[in-house]
Amino acid sequence: MNYYAVIDTNVLVSALLKSASIPGIVARESLEGQIIPLLNDEIIAEYRAVLSRPKFKFSPEAVELIIDGLIRRGIFLDADPTDELVIDPKDVVFYEVVMEARKENDAYLVTGNIKHFPAKRFVVTPREMLEILEMNGD
């Protein structure tokens, strides 16, 4: 069974810092497993900008490898603006894309900053996303 999910940038940062972590598993599931990434151009630009920050010391090849993999597997959506309060303006696009997807399918927003988003059952931590995959897995 596949699950649609918007992956917040902080999950990818954690995954690249430690591939054996729970965010690392979520990233792998997004690249080759049960998670179908939900994207738009603004999300891709955010991924590229954050993952390329010198403080993380990620190689340009690693950054492009993960972004290209997400693009290959992902579904691009144009999203309507939301009236709901999202604390960080840079996070609004992630919430808008998941809300757009939820008009037709069940979809999740996976984030390490759960408090930055409205409290909804579909806004989940990486650990909660893995629990969903395990609970409903084949």
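Residues numbered from 1 in each chain as written. Predicted model: local features only at pLDDT ≥ 70, side-chain atom pairs only at ≥ 80, totals over all residues. Heavy atoms only, no water.

**Student:** With reference to specific residues and values, describe the overall build of the chain.
**Tutor:** Each helix and strand counted, the chain has six helices and five strands in total. Beginning at the N terminus, the succession of helices and strands in the chain can be written as β-α-α-β-α-α-β-α-β-β-α. Against the globule reference of 14 Å for 138 residues, the chain gives a C-alpha radius of gyration of 14 Å, in line with a compact fold. Taken along the three principal axes of its C-alpha coordinates, the chain extends 35 × 35 × 25 Å. Within the chain, contacts between residues separated by at least 24 positions form 63% of all contacts whose residues are at least 6 apart in sequence. Here the chain displays about 7,500 Å² of accessible surface, and carbon together with sulfur accounts for 52% of that area. Taken together, the 15 basic and 23 acidic charged side chains of the chain have centroids lying 7 Å from each other. (Helix = DSSP H or I, 4+ residues; strand = E, 2+ residues; numbered from the N terminus. Rg over C-alpha atoms; globule rule 2.2 N^0.38 Å. Contact = heavy atoms within 4.5 Å. Areas by Shrake-Rupley, 256 points an atom, 1.4 Å probe, with all protein chains shown as cover. Lys, Arg positive; Asp, Glu negative; His and termini not counted. Charge placed at Lys NZ, Arg CZ, Asp CG, Glu CD.)

**Student:** Now, about the pairing of strand 2 (residues 35–39): what can you tell me, with residues and values included?
**Tutor:** Within strand 2, five of the five residues are buried, which leaves it mostly tucked inside the rest of the structure. Of the two faces of strand 2, the one carrying Ile-35, Pro-37 and Leu-39 and the one carrying Ile-36 and Leu-38 are both buried. The pairing of strand 1 (residues 3–7) with strand 2 spans three bridges and is classified as parallel. Counterpart to Tyr-4 in the pairing with strand 2 is Ile-36. Pairing of strand 2 with strand 3 (residues 75–76) involves two bridges; the strand directions are parallel. (Buried < 20%, exposed > 50% of the residue type's maximum accessible area, 1.4 Å probe, protein only. Pairing = 2+ DSSP bridges.)

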